[in-house]
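Residue strings, one per chain:
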2 protein chains.
Amino acid sequence: MSTPKKISGFPERLPAQRMVELKWEDIIRKHYESFGYTPLQTSVVEEVETLRAKGGDVDKEIFGVSRLTRDEGNDVDEVRLALRFDQTVPLARYVAQNYSNLQFPFKRYVVAKSYRGERAQSGRFREFTQADIDVIDHGSVSIEFDAEMPRIAHKILGEIGLPETVTHINNRKLMQGFYGGLGISNPMLAIQIVDKLDKIGEDGVRESLVSQMQLSEDAVQACLKLAKIKSSDTSFAFQVAALGISNDTLTEGLDELSYVIDALDDLPQGSIFADLSIARGLDYYTGTVYEGKFKAYSDFSTIYGGGRYDNLVGTYLNRNLPGVGISIGLTRIFAKLLEEGLINTKESSPTHVLIMRYEDSDMRSLRLIAEEMREKGTNVEVYHKAAKIGDQIGYANKRGIPFVLFPSIEPSKPHEIKDLSTKKQYPIDIYEWAVPAERQGHTSRIVTTQIPSIKPV
Amino acid sequence: MSTPKKISGFPERLPAQRMVELKWEDIIRKHYESFGYTPLQTSVVEEVETLRAKGGDVDKEIFGVSRLTRDEGNDVDEVRLALRFDQTVPLARYVAQNYSNLQFPFKRYVVAKSYRGERAQSGRFREFTQADIDVIDHGSVSIEFDAEMPRIAHKILGEIGLPETVTHINNRKLMQGFYGGLGISNPMLAIQIVDKLDKIGEDGVRESLVSQMQLSEDAVQACLKLAKIKSSDTSFAFQVAALGISNDTLTEGLDELSYVIDALDDLPQGSIFADLSIARGLDYYTGTVYEGKFKAYSDFSTIYGGGRYDNLVGTYLNRNLPGVGISIGLTRIFAKLLEEGLINTKESSPTHVLIMRYEDSDMRSLRLIAEEMREKGTNVEVYHKAAKIGDQIGYANKRGIPFVLFPSIEPSKPHEIKDLSTKKQYPIDIYEWAVPAERQGHTSRIVTTQIPSIKPV
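For every chain, the first residue of its written sequence is number 1, and the numbers climb from 1 along that sequence. Numbering of ligands from 1 and lettering of chains from A proceed in the order in which they are written. Side-chain atom pairs in this predicted model are given and counted only at pLDDT of 80 or more, local residue features only at pLDDT of at least 70, and totals for whole chains, interfaces and linings cover all residues. Only hydrogens and water are set aside when side-chain values are computed; all heavy atoms of the structure are taken into account.

Let us look at the nonpolar core. For our purposes a nonpolar core is just a set of buried Ala, Val, Leu, Ile, Met, Phe, Trp, Tyr and Cys residues, chained together by side-chain atoms within 4.5 Å. Think of it in three bands: residues with accessible area under 20% of the maximum for their type are buried, residues over 50% are exposed, and the middle band is partly exposed, with areas taken using a 1.4 Å probe on protein chains only. B:W24, B:Y32, B:Y37, B:Y179 and B:F236 are the most contacted members of the largest nonpolar core, which has 76 residues in total. Residues are treated as being in contact if the distance between any of their heavy atoms lies within 4.5 Å. Not counting residues up to four positions away in its chain, the partners in contact with B:Y179 are B:I184, B:P187, B:A190, B:I191, B:V194, B:C223 and B:L226. In this structure, A:F178, A:C223, A:F294 and A:I303 belong to the second largest nonpolar core, which totals 74 residues.

What follows is the structure, given as structure tokens:
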């Protein structure tokens, strides 16, 4: 059988690329957990009807799942299954199903793949990883969570080392109140049109507002003026006030956005903006909306996005369960940086130390050395066969393994380690030596818990 | 819309369960990486033809994937796609596709989900996580890798804290050589029959060997005698020799199995056995085979299994690319321990410290305290609203959060931390305090690499 072709839209990485991608996932996880978000995984499969519940024509985006051969009486075929296309709908369904077993506010994170059946094109993927956090609560979600999301995102993107990013924040209540105050009867349509400012420009937005909504020239002007307001502090509120509209919804939106911007004022200047042009396309946002972007790549749409949704989880339960969340588009960001040639792919192995094996080596003692070093947290391989030292060092170099160990042949002499980057070789005590922190590489370190995960039998 | 029912065979966890499951995944990852295995992820989707290449009637097991609405000219519909049912076939396909970009021996691990369209029943899942390691090499794979796999599995299962396990090891060459020496023309069929010893017993095996293979009573006796040989050291070889068969294939099998058993003799007595009844059902094994089992649960089939396969990757390339690997059945093990009531689910949050928020708290200073503590590796939440202290402590207790912090109101006094298990409260310096190692919980600690993952722009 010949080798199958790669399947378009389903990206796979080479080992050295995956090492970096996994490091990013670890950084995301660390920061999400550092703010107390709980890890969760839902099934990759949802009922088709669940995926349709969010509304819109989603069928084209959905990959259905069914057994190639069906037999009668197999219940799996009685429900139609499909792959999830995001993590928000599965979260809503999960919360509804497990409502009585969850503690609220329910804070969860997930780093996992979703699937969209769209046409493959540059920057568009059919299989992609997103890193989401969301908070769901009874009745109301504290505005503190709205304020903390861009902070977490900022810390993550900074530690990953992405080229400079900026987060634009707006509030749907502010837009809806303002549009309502202008006498616009369908503020949602206006929001969707203004959301295209980036793509169709000022003239395009003007034309759409007139042709689709029959707005007056004054109303169009006001909408465009609102969309142009941008500030790194809470001064946007004065600019809005100057436009002469006022009502409760608008005030609520202004207050919420002011709180969020104010709460982030310790982040570096230029990384956070109130930007009243930002709307996010999706229907379900009801308050704060976020959009994170690269400063350098204007062609790249969104690094992360999200916002507050008051009515999504309530789709299933007769309860008021608002939420707020963000989603980092990991696969798209990684692909962009790969394309720009910015990903360092020097290490294709998590190994720190390769132990040299001589023609007459006693494997038993080499295995023992390896095990002792692993006890100290070092990732160790014993070279898998007797070979020329040059070949063994070549193996280490090709994989980006930083150290090789020359085992002592005489019991009275210590083993020696060689740093392949500095070329320095020095004796070590394997019961003491640990990889210097700055040379530990991509690998995770797990801290065992105080509570054994399994009860004694 | 009412809440959808749970989908049978697609297990989902509650947060406190997922915390444990993720801890297990971290332990697996740590040990796989400590032996130098590289992380890799393939797409969850494969071409249907790829999945069929391994042979057998697999269609019933396969979940096909296709867009609900198809439009013309969309190339995704030109290939038929399906969800992978294991990680071995995707590995073979991946190695073939990326052959020139990989370094051999290619050692990779993966902890990921696979899908089987089988009937849902106890212990059987349609979506399940497996944790695999494999080594693929040109020409031949060093026997060292055969020997290292049970060592890694043993370390993982021990650190997870599973009830006592035992690994049974055999070698297909040994069986094939022996059966060949008996004059059996189809050794593979004999292997498959003997593999059922556990299920159908000695009489069942005897009957099958006679009815399906027309073996003589002497040959049947010899097969059964071989299958009964079991030893914790290399003495099995003498017992085989006593059966009076000898040929090159048998000798090779005996030598390989002896090497593996000998290399593991430092593991605790009773955890490793040469067990000549073990065959593993799959066609593609050609040498060492492994089967890990619980000592206590005889009804539970396999904790982990695997072996050596010489011809799998070569399906696609005109090259000799043998491999050896094991797969740990994470979902099945976890479900078993849940069923036995052995999973500790005390923590549903990764948070170490909850900062108390008073009616008059300045959120800016509480956020600052939280950020300082996060710098020291502590997972911190500020309580999300002003509330009674008892309610806030209740929130921490419900989630298994070990500490609460009472922020000082007077600048001259230190903040105080309270250990919720010992009830002790004491002043701390937030710039110094770190969670005691034994109280750090499930969360991972990531060590940043010496090589920045992104090049400077």
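Anyway, onward from the coordinates.
The salt bridge criterion pairs a side-chain nitrogen of Lys or Arg with a carboxyl oxygen of Asp or Glu, the two atoms within 4 Å. According to the stated counting rule, one finds 62 salt bridges over all chains in the structure shown. As a salt-bridge pair, A:E144 and B:R367 come within 3.4 Å of each other at their nearest N and O atoms. Taken as a pair, A:E144 in helix α4 (residues 143-160) and B:R367 in helix α12 (residues 363-375) lie in two separate chains rather than in one. Residue A:E144 shares its accessibility class with B:R367, and that shared class is buried. Secondary structure counts use DSSP, requiring at least four H or I residues in a row for a helix and at least two E residues in a row for a strand, with both numbered from the N terminus.

What follows deals with the packing of helix α5 (residues 172-181) of chain B against helix α6 (residues 187-194) of chain B. Residues and elements named next belong to chain B. Under this scheme, a helix contributes an axis fitted over its contacting stretch, all axes are lines through C-alpha atoms, and angles between N-to-C directions fall in the 0 to 180 degree range. For the pair α5 and α6, interaxial distance at closest approach is 9 Å and the crossing angle is 115°. The handedness of the crossing between α5 and α6 comes out as right-handed. In this structure, α5 contributes R172, M175, Q176 and Y179 to the contact, and α6 contributes P187, M188, A190, I191 and V194. Among the residues making up the contact of α5 with α6, the classes are represented as seven nonpolar, one polar and one charged. Whether a crossing is left-handed or right-handed is set by the direction in which the near helix is turned from the far one by less than a right angle, anticlockwise for left-handed and clockwise for right-handed. Gly is placed with the polar residues, together with every amino acid not listed as nonpolar (Ala, Val, Leu, Ile, Met, Phe, Trp, Tyr, Cys and Pro) or charged (Asp, Glu, Lys and Arg).

Expressed as a screw operation, the relation of chain B to chain A combines 0.0 Å of axial shift with a rotation of 180°, fitting to an RMSD of 0.0 Å. Such a combination of turn and shift is consistent with a two-fold rotation axis. Interface overlap between copies: 100% of the residues of chain B at the interface are likewise at the interface in chain A, consistent with a symmetric, same-surface contact. Here the copies are matched by least squares. The fit uses the C-alpha atoms of residues with pLDDT of at least 70 in both.

This part takes up helix α6 (residues 187-194) of chain A. When you tally the buried positions in α6(A), you get six out of eight residues, the bulk of the element. Those residues of α6(A) that fall on the buried side of the exposure criterion are A:P187, A:M188, A:A190, A:I191, A:I193 and A:V194.

For the rest of this paragraph, the subject is the pairing of strand β6 (residues 127-136) of chain B. Residues and elements named next belong to chain B. Of all ten residues that make up β6, ten are buried, and the element is covered over most of its length. On β6, burial covers both faces: E127, T129, A131, I133 and V135 on one face and F128, Q130, D132, D134 and I136 on the other are all buried. DSSP calls a pair of strands paired once it identifies at least 2 bridges connecting them. Where strand β5 (residues 106-115) meets β6, ten bridges bridge the pair, whose relative direction is antiparallel. What sits directly across from K113, in β6, is T129. Of the pairings in the sheet, the one linking β6 to strand β12 (residues 323-328) comprises six bridges and is antiparallel in character. Directly across from I133, in β12, lies its bridge partner I326.

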